[in-house]
Amino acid sequence: MFVVIRFRVPEADQAEFAVRLQAAVDVLRKQKGFVAARAGWNVDDPELIALTLEWENIGSYRRALSPYEVKLTAVPLLSLAIDEPTAYDDLPEFLP
């Protein structure tokens with residue numbers, strides 16, 4: 001399963017945001033079931049930044065948000081995300 005989290009970050013704040021994003025991903029990488037992470041900005045709107053996380057399953061993702069270190073480092077950053085659904089299940093029948 002994968003997670004798509006989008007943030008609106010003014011260009012003046014992006015350097016500080018990048019440091020916080022890296023710290024959040026570093027702590028999430030240590031969690032059981034983590035597969036991969038990727039971040040980038042929208043080519044048409046440079047203030048729109050996306051973070052994608054890949055997990056073995058939805059349970060791994062949800063459990064990964066519980067440890068104290070994650071709550072201290074990642075959750076405050078994730079709370080800045082655009083309010084929209086973020087978790088997606090793979091559809092292998094569409095893209096085998």
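All values reported here derive from a predicted model rather than from experimental measurement.

Novice: Before we go on, may I ask you to explain the overall build of the chain in this structure?
Specialist: Each helix and strand counted, the chain has 3 helices and 4 strands in total. Its C-alpha atoms give the chain a radius of gyration of 14 Å, near enough to 12 Å, the size a compact globule of 96 residues would have. The dimensions of the chain, computed from C-alpha atoms along their principal axes, are 40 × 35 × 20 Å. Out of the 96 residues in the chain, the part that is buried amounts to 29%. Within the chain, counting contacts between residues at least 6 apart in sequence, those at least 24 apart form 71% of the total. With the model as given, the accessible surface of the chain reaches about 6,400 Å², and the carbon-plus-sulfur share is 56%.

Novice: Can you help me understand the nonpolar core in this one?
Specialist: Ranked by size, the top nonpolar core spans 22 residues in total, and within it F7, L51, L53 and W55 carry the most contacts. No other element matches the 6 residues that helix α1 (residues 14-29) contributes to this core. The contacts of L51, once residues within four sequence positions are left out, are V3, V4, I5, F7, L21, V25, R38, A39 and L78.

Novice: Looking at this structure, I do not really get the packing of aromatic side chains. What am I missing?
Specialist: The geometry of two aromatic rings is summed up by the distance between their centres and the angle between their planes. Enumeration according to the criterion identifies 4 aromatic pairs in this entry. Consider the rings of W55 and Y61, whose centres lie 5.9 Å apart with planes at 50°: the pair is tilted. The same class applies to W55 and to Y61, which are both buried. Through a chain of ring-to-ring contacts, the aromatic side chains of F34, W55 and Y61 assemble into a single cluster.

Novice: Can you walk me through the sheet that holds strand β4 (residues 87-88) in this structure?
Specialist: In a beta sheet, neighbouring strands are held together by backbone hydrogen bonds and run either parallel or antiparallel to one another. Taking strand neighbours across the sheet as the criterion, the 4 strands line up as β2-β3-β1-β4 in an open arrangement whose pairing is antiparallel. Every interior strand has two partners, whereas the edge strands, β2 (34-41) and β4, have only one. Packed on one face of the sheet, α1 meets β1 (2-8), β2 and β3 (48-55) and runs near 5° to β3.

Cut-offs used in this document
Residues numbered from 1 in each chain as written. Predicted model: local features only at pLDDT ≥ 70, side-chain atom pairs only at ≥ 80, totals over all residues. Heavy atoms only, no water. Helix = DSSP H or I, 4+ residues; strand = E, 2+ residues; numbered from the N terminus. Rg over C-alpha atoms; globule rule 2.2 N^0.38 Å. Buried < 20%, exposed > 50% of the residue type's maximum accessible area, 1.4 Å probe, protein only. Contact = heavy atoms within 4.5 Å. Areas by Shrake-Rupley, 256 points an atom, 1.4 Å probe, with all protein chains shown as cover. Core = buried A, V, L, I, M, F, W, Y, C linked by side-chain atoms within 4.5 Å. Phe/Tyr/Trp six-rings, centres within 6.5 Å; stacked < 30°, edge-to-face > 60°. Pairing = 2+ DSSP bridges. Axes fitted to C-alpha atoms, helices over the stretch in contact; angles between N-to-C directions.

From the geometry alone we can't say anything about function, so treat these as descriptive.
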